[in-house]
Amino acid sequence: MKKNRASDDKAELILNAAITVFAEYGYHQAKMAKIAEVAGVSAGSLYLYFKNKASIISNVFEMTWEKMITISSTLTLRSDLTPPEKLDLLVDQLFDLFHQETELALVMVNEHYTWCQLAETTFNDCIDRFFTDIDTLHSEGQKAGIFNPHISSVTFRHVLFGGMRRLLEVWACSPENLPIGRIRQDFKVLLKRGVLLP
């Protein structure tokens, strides 16, 4: 992919179009020609930026995961927040990432396993980095005597990650029936009541 500003803008345009197409048709039914049409570029120029559909969806996932990891790693390092405050902000900021982008939320949820199969090494690296941050937050809360010591970090990380994925899917499919503000608040209460000592 070219690296100048105009080129970056065109690549972003294509990626945004691809998110729209993937959300509507799914990865396997999506066509490069349709992505080019939605992006307003020729099919030929599309291939100057991305060699195939797999390259496009990999870029979408990698960029989004980097944003998620930046959120988790930044919060983990903050010494001015308690573990429950970090957990609250983690949930808020992750939901904020998708708040204005229901199509991206659908793609991240529906094509999760597609990306895993296409780019297993990158997928595992992203998951490992994110889960390491979650484990660090959870361990900090347990060492401080705030989080329940009987709940394993493995269980906690999968409840957090899996719960968010499912809630994002439900919200993205029907945002008018289930406001994201209500979802995030309920989710934070459930998480904290599950990990705080009685």
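Here's what I pulled together on the structure shown here. (Residues numbered from 1 in each chain as written. Predicted model: local features only at pLDDT ≥ 70, side-chain atom pairs only at ≥ 80, totals over all residues. Heavy atoms only, no water.)

**Here's the deal with the packing of helix 4 (residues 53–77) against helix 8 (residues 120–143)**
- One way to put it is that helix 4 packs onto helix 8 with a least axis distance of 9 Å and a crossing angle of 20°. The angle between the axes of helix 4 and helix 8 places the two elements in the roughly parallel class. As for how helix 4 packs across helix 8, the hand of that crossing is left-handed. Residues Glu62, Trp65, Glu66, Met68, Ile69, Ser72, Ser73 and Thr76 of helix 4 form the contact with helix 8, whose own contacting residues are Thr122, Cys126, Ile127, Arg129, Phe130, Asp133 and Thr136.
- Tallied by class, the residues present in the contact of helix 4 with helix 8 amount to 6 nonpolar, 5 polar and 4 charged. (Axes fitted to C-alpha atoms, helices over the stretch in contact; angles between N-to-C directions. Helix = DSSP H or I, 4+ residues; strand = E, 2+ residues; numbered from the N terminus. Parallel < 35°, antiparallel > 145°, perpendicular 65-115°, else oblique. Left-handed = near helix turned anticlockwise from the far one by under 90°. Contact = heavy atoms within 4.5 Å. Nonpolar A, V, L, I, M, F, W, Y, C, P; charged D, E, K, R; others polar.)

**Thoughts on the environment of Arg165**
- By secondary structure assignment, the location of Arg165 is in helix 9 (residues 153–173).
- Through-space distance from the C-alpha of Arg165 to that of Met108 is 8.3 Å; in sequence the pair is 57 residues apart.
- Excluding residues within four positions of it along the chain, Arg165 makes contact with Val109, His112 and Tyr113.
- From its side chain, Arg165 meets the backbone oxygen of Val109 in a polar contact 3.3 Å long. (Polar contact = N/O pair within 3.5 Å; in protein donor to acceptor, adjacent residues only side chain to side chain.)

**Some points on the packing of aromatic side chains**
- Evaluated as defined, the whole model comprises 10 aromatic pairs.
- Seen from their ring centres, Phe95 and Phe187 are 6.4 Å apart, and the 90° between their planes marks the pair as edge-to-face. Within this pair, whereas Phe95 is found in helix 5 (residues 83–99), its partner Phe187 is found in helix 10 (residues 180–195), the two being separated by 92 residues in sequence. The exposure classification of Phe95 matches that of Phe187, with both residues buried.
- Summarising the aromatic geometry, the rings of Phe130 and Phe131 are spaced 6.3 Å apart at their centres and angled 40° between planes, so their arrangement reads as tilted. You'll find Phe130 and Phe131 in the same group, each marked buried.
- Put simply, the rings of Trp65, Phe130, Phe131 and Phe161 touch in pairs and so form one group of aromatic residues. (Phe/Tyr/Trp six-rings, centres within 6.5 Å; stacked < 30°, edge-to-face > 60°. Buried < 20%, exposed > 50% of the residue type's maximum accessible area, 1.4 Å probe, protein only.)

**Structural notes on helix 8**
- For helix 8, which comprises 24 residues, the first-to-last C-alpha distance of 34 Å matches the rise-based estimate of 34 Å (1.5 Å per residue) to within 8%.
- Turning to helix 8, its buried residues are Phe123, Cys126, Ile127, Phe130, Phe131, Asp133, Ile134, Asp135, Leu137, His138 and Gly141.
- Residues of helix 8 that are buried sit in contact with helix 4, helix 5, helix 7 (112–118) and helix 9.
- Residue Gly145 follows helix 8 closely and has a positive phi angle near 75°. (Expected span 1.5 Å × (residues − 1).)

**Section: the state of the cysteines**
- Counted under the stated rule, the structure contains 0 disulfides.
- Free cysteine: Cys116, not disulfide-bonded; nearest cysteine sulfur from Cys126 at 11 Å.
- Given the relative accessible area of 19%, Cys116 is considered buried.
- With a relative accessible area of 2%, Cys126 lands in the buried category. (Disulfide = S-S within 2.5 Å.)

**Focus on the nonpolar core**
- In terms of nonpolar packing, the biggest core is built from 63 residues, with Ile14, Phe22, Ile35, Ile56, Trp65 and Phe98 touching the most fellow members.
- If we skip the residues at most four places from it in the chain, Phe22 touches Tyr27, Ala30, Ile35, Lys53, Ile56, Ile57, Val107 and Glu111. (Core = buried A, V, L, I, M, F, W, Y, C linked by side-chain atoms within 4.5 Å.)

**Description of the pattern of salt bridges**
- Applying the stated criterion across every chain yields a total of 12 salt bridges.
- Its salt-bridge partner being Asp96, residue Arg184 comes within 2.7 Å of it at the nearest N-O pair. Note that Arg184 is positioned in helix 10 and Asp96 in helix 5, a separation of 88 residues in sequence.
- Judged by relative accessible area, Asp96 falls into the partly exposed class, the value being 42%.
- With a closest N to O distance of 2.5 Å, Asp135 and Arg157 form a salt bridge. Residue Asp135 is found in helix 8, and its partner Arg157 is found in helix 9; the two are separated by 22 residues along the sequence.
- Given the relative accessible area of 18%, Asp135 is considered buried.
- The class for Arg157 is buried, based on a relative accessible area of 18%.
- Taken together, the shared-partner salt bridges connect Asp92, Asp96, Arg184 and Lys188 into one network. (Salt bridge = Lys/Arg side-chain N within 4 Å of Asp/Glu carboxyl O.)

So, to be careful, I would describe these as geometric facts and stop short of saying anything about function.
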